[in-house]
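The chain contents come next:
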Amino acid sequence: MSVDGPAATFRRRGRIVVVGASLAGLRAAETLREEGFTGTLTMVGDEPREPYDRPPLSKQVLLGRTPADGTALPRRRAIDAEWRLGVAATGLDLTEKRVRLADGQEVAFDRLLIATGTRARPWPRDAEADLDGVFVLRTSDDAARLDRRLAAGPRRVLVIGAGFTGSEVASACRERGLEVTVAERGPAPLVGALGGVIGAVAAELQREHGVDLRCCITVTALEGDPAGRLRRAHLSDGTALDVDVAVIALGAMRNTEWLAGSGLGAGPRGVACDAGCRAFDVHGIVTDDIFVAGDVARSPHPLFGYQFLSLEHWGNAVAQAEVAAHNMISAGPDRRPHLWVPAFWSAQFGVNIKSVGVPPMGEEIAVTQGSLAGRRFAAAYGFQGRVIAAVTFDHARWIDFYRERIEAAAPFPPDFTGVDRPPEGIRPVSADFPDPALPTHGPTVTLSGYSPSDRRLTFTPARA
């Protein structure tokens, strides 16, 4: 059938394929059915299990409170879909409207939702990554294997990277009574996501809980014994650590390789789409039948200068999936934009951390409630004289207030009457983010410029 027909006809007879059977894919499928789509729905996922929740993997699962196979996502409704699980998508033919699969088969579609998310960035040297005792944490199987190893009581755990995942792993290790060393190439934990001011608080928090935190340090090699078991890690300062377990927490990689050569604006930073979740091609032309949602998407937001944002947020995945699904089966005038304000939370070392907005855009930061020393505060980030983001430590009830300040483009530094004001007043200081030109694994919000194309150009000199 033609997708150029009336929206009502498409709702009855269309063929929709969702590539990515996780949170965004499931919520999109549920929304499609809730809004009256009765056509063919196919769910493609590279993992053999149905959708499950990822945030508990680095929290409840590693604390032994929840089994890894007990994190299935609750279903809002039956979706009446054909499930193609345990088989990855390997290619996309835009002309023929077909998705190629790893088992050699192809799936035809009228409209496609790309929700392939991210995967854990692996250790760069394969032989070392394959040592018994080296782990990443992204999937349910990853969490189950790591939980079993931590329960066995290793002598020391090395966490490589102090972003949110690495910090949560370190927190779980200390709560289980395990000795843990964290190696962070930046000057502090969480520095890429929240800046140096908050990073200093996070560093103190880790050390107070017994973490051997080593900043401005990289791991140069992982060493195994003759049986292939991890035994030692070598650091850039010339020291070595005897360790039984190493958790690689170097951030995420967006699953876009299968789109190479497809003609879409897809690359390492994600798949570019407009505010209605429609994918751009490499020439910056918006497509009519390809939509994007979740961690793999990069989309512009008017609150943040229309710069493309890539978000690794649970709430964003849900909200964007619902907008994408609605727009896939709606006529143009009925479509709506995805304008969700980024929000994120973490629990570590007994502290609840929440952020809203885009902290890495912040030039300055000001503590507006509570105090850094007390580990209980709210702080706002400023960019060009307006509030652009906020972070709270054990002050979560105020996060909606700061979201409203961001949406209203409220002036920075903030000027409002509130409770728990710092006795010294609101004093902006540099937010102290790392040089954006340097790689960092910390941000959960990535600013990725204004170009919808993510191609890499190679220049060669002209021949004489």
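Residues numbered from 1 in each chain as written. Predicted model: local features only at pLDDT ≥ 70, side-chain atom pairs only at ≥ 80, totals over all residues. Heavy atoms only, no water.

S.K.: How should I be thinking about the pairing of strand β16 (residues 245–248) in this particular structure?
M.R.: Along a regular strand, successive side chains alternate from one face of the sheet to the other. Going residue by residue along β16, you find V245 and V247 tucked away on one face and A246 and I248 tucked away on the opposite face as well. When strand β10 (residues 157–160) meets β16, the two strands line up parallel, connected through four bridges. Opposite L158, over in β16, you have A246 as the bridge partner. (Buried < 20%, exposed > 50% of the residue type's maximum accessible area, 1.4 Å probe, protein only. Helix = DSSP H or I, 4+ residues; strand = E, 2+ residues; numbered from the N terminus. Pairing = 2+ DSSP bridges.)

S.K.: Just to check I follow, could you spell out the pairing of strand β1 (residues 15–19) for this structure?
M.R.: Within β1, four of the five residues are buried, leaving the element largely enclosed by the surrounding structure. Bridge analysis of β1 against strand β2 (residues 40–45) gives five bridges, and the strand direction is parallel. Across the sheet, the residue bridging to V17 is T42, located in β2. With helix α2 (residues 23–34) bridging β1 and the parallel β2, this β-α-β connection has right-handed handedness. The pairing of β1 with strand β7 (residues 111–114) spans four bridges and is parallel. Residue pairing for β7: V18 is matched across the bridge by L113. (Right-handed = clockwise from strand over helix to strand, strands pointing away.)

S.K.: Which parts of the structure should I look at to understand the environment of A233?
M.R.: Among the secondary structure elements, A233 is positioned in strand β14 (residues 230–235). Sequence-wise, A233 and E404 are 171 residues apart; in three dimensions their C-alpha atoms are separated by 46 Å. If we ignore the near neighbours within four places in the chain, the residues touching A233 are L158, V219, A221, L222, T239, A240, L241 and V243. (Contact = heavy atoms within 4.5 Å.)

S.K.: So what exactly am I meant to see when it comes to the nonpolar core here?
M.R.: Across soluble globular proteins, nonpolar side chains show a tendency to be buried alongside one another. With 73 residues, the main nonpolar core has V157, L194, Y381 and V391 as its most contacted residues. If you tally residues by element for this core, the top one is helix α6 (residues 191–208), at seven residues. Ranked by size, the runner-up nonpolar core spans 27 residues in total, among them A24, A29, F37 and V323. (Core = buried A, V, L, I, M, F, W, Y, C linked by side-chain atoms within 4.5 Å.)

S.K.: Mind showing me how you'd approach helix α4 (residues 140–151) here?
M.R.: Because an α-helix completes one turn every 3.6 residues, residues spaced three or four positions apart along the sequence face the same direction. For α4, with 12 residues, the first-to-last C-alpha span of 16 Å sits near the 16 Å given by 1.5 Å per residue. Taken together, the buried positions of α4 are occupied by S140, D142, A143, A144, L146, D147 and L150. Close packing links the buried residues of α4 with β9 (134–136), β10, α5 (164–175) and β16. Positive backbone phi, at 75 degrees, marks G153, one or two positions downstream of α4. (Expected span 1.5 Å × (residues − 1).)

S.K.: Would you mind showing me how to read the sheet that holds strand β29 (residues 429–430) here?
M.R.: Adjacent strands of a sheet pair through backbone hydrogen bonds, lying either parallel or antiparallel. With antiparallel pairing, the six strands of this open sheet are ordered in space as β24-β25-β28-β27-β26-β29. Each of the sheet's edge strands pairs with one partner strand only, and the pair in question is β24 (343–348) and β29. Of the strand pairs in this sheet, β24 and strand β25 (residues 351–357) are connected by six bridges, and their pairing is antiparallel. Its bridge partner being in β25, S346 is matched across the sheet by I353. Taken strand by strand, helix α8 (residues 399–407) contacts β24, β25, β26 (364–371), β27 (376–383) and β28 (386–393), and its axis lies near 170 degrees from that of β28. (Axes fitted to C-alpha atoms, helices over the stretch in contact; angles between N-to-C directions.)

S.K.: I would appreciate a short explanation of the side chain of T116 in the present structure.
M.R.: Here T116 is to be found in the loop between β7 and β8 (118–120). Its relative accessible area of 18% is what places T116 among the buried residues. Within the local environment of T116, its side chain forms a polar contact with the backbone oxygen of N255, the two atoms lying 2.8 Å apart. Not counting residues up to four positions away in its chain, the partners in contact with T116 are V19, G20, N255, W258 and V296. (Polar contact = N/O pair within 3.5 Å; in protein donor to acceptor, adjacent residues only side chain to side chain.)

S.K.: Quick question: what am I supposed to make of the packing of aromatic side chains here?
M.R.: Aromatic rings considered in pairs are described by the distance between their centres and by the relative angle of their planes. All told, the structure shown has seven aromatic pairs when counted by the stated rule. Judged by centre distance (6.2 Å) and plane angle (80 degrees), the ring pair of F280 and F308 falls under edge-to-face. Of the two residues, F280 sits in strand β20 (residues 278–280) while F308 sits in strand β23 (residues 308–311), which places them 28 residues apart along the sequence. The two residues F280 and F308 agree in class, both being buried. Between the aromatic rings of F401 and Y402, the centroid separation amounts to 5.2 Å while the plane-to-plane angle is 85 degrees, which identifies the pairing as edge-to-face. Over the aromatic face of F308 sits the side chain of R298, whose NZ or CZ is 4.6 Å from the ring centroid. (Phe/Tyr/Trp six-rings, centres within 6.5 Å; stacked < 30°, edge-to-face > 60°. Lys NZ or Arg CZ within 6 Å of the ring centre and 35° of its normal.)

S.K.: I keep staring at the sheet that holds strand β6 (residues 106–108) and nothing clicks. Help me out?
M.R.: With respect to topology, three strands assemble into an open sheet ordered β4-β5-β6, the strand pairing being antiparallel. The sheet is open, and its two borders are formed by β4 (89–93) and β6, each paired with just one other strand. On average, each strand axis in the sheet is inclined to that of its neighbour by 20 degrees, with strand direction left out of account. Two strands pair when backbone bridges link them, and β4 and strand β5 (residues 98–101) are joined in this way by four bridges, in the antiparallel orientation. Across the sheet, residue G91 finds its bridge partner in β5, namely R100.

S.K.: Would you mind going over the pattern of salt bridges with me for this structure?
M.R.: Opposite charge on two side chains permits them to pair, given that their charged atoms come into close proximity. Using the criterion set out here, one finds 35 salt bridges in the structure. The partner of R229 in a salt bridge is D225, with the nearest N and O atoms 3.1 Å apart. For D225, the salt bridge identified is with R231, shortest N-O distance 3.6 Å. Put simply, R27, E30, E34, R76 and E322 are held in one network by salt bridges that share partners. (Salt bridge = Lys/Arg side-chain N within 4 Å of Asp/Glu carboxyl O.)

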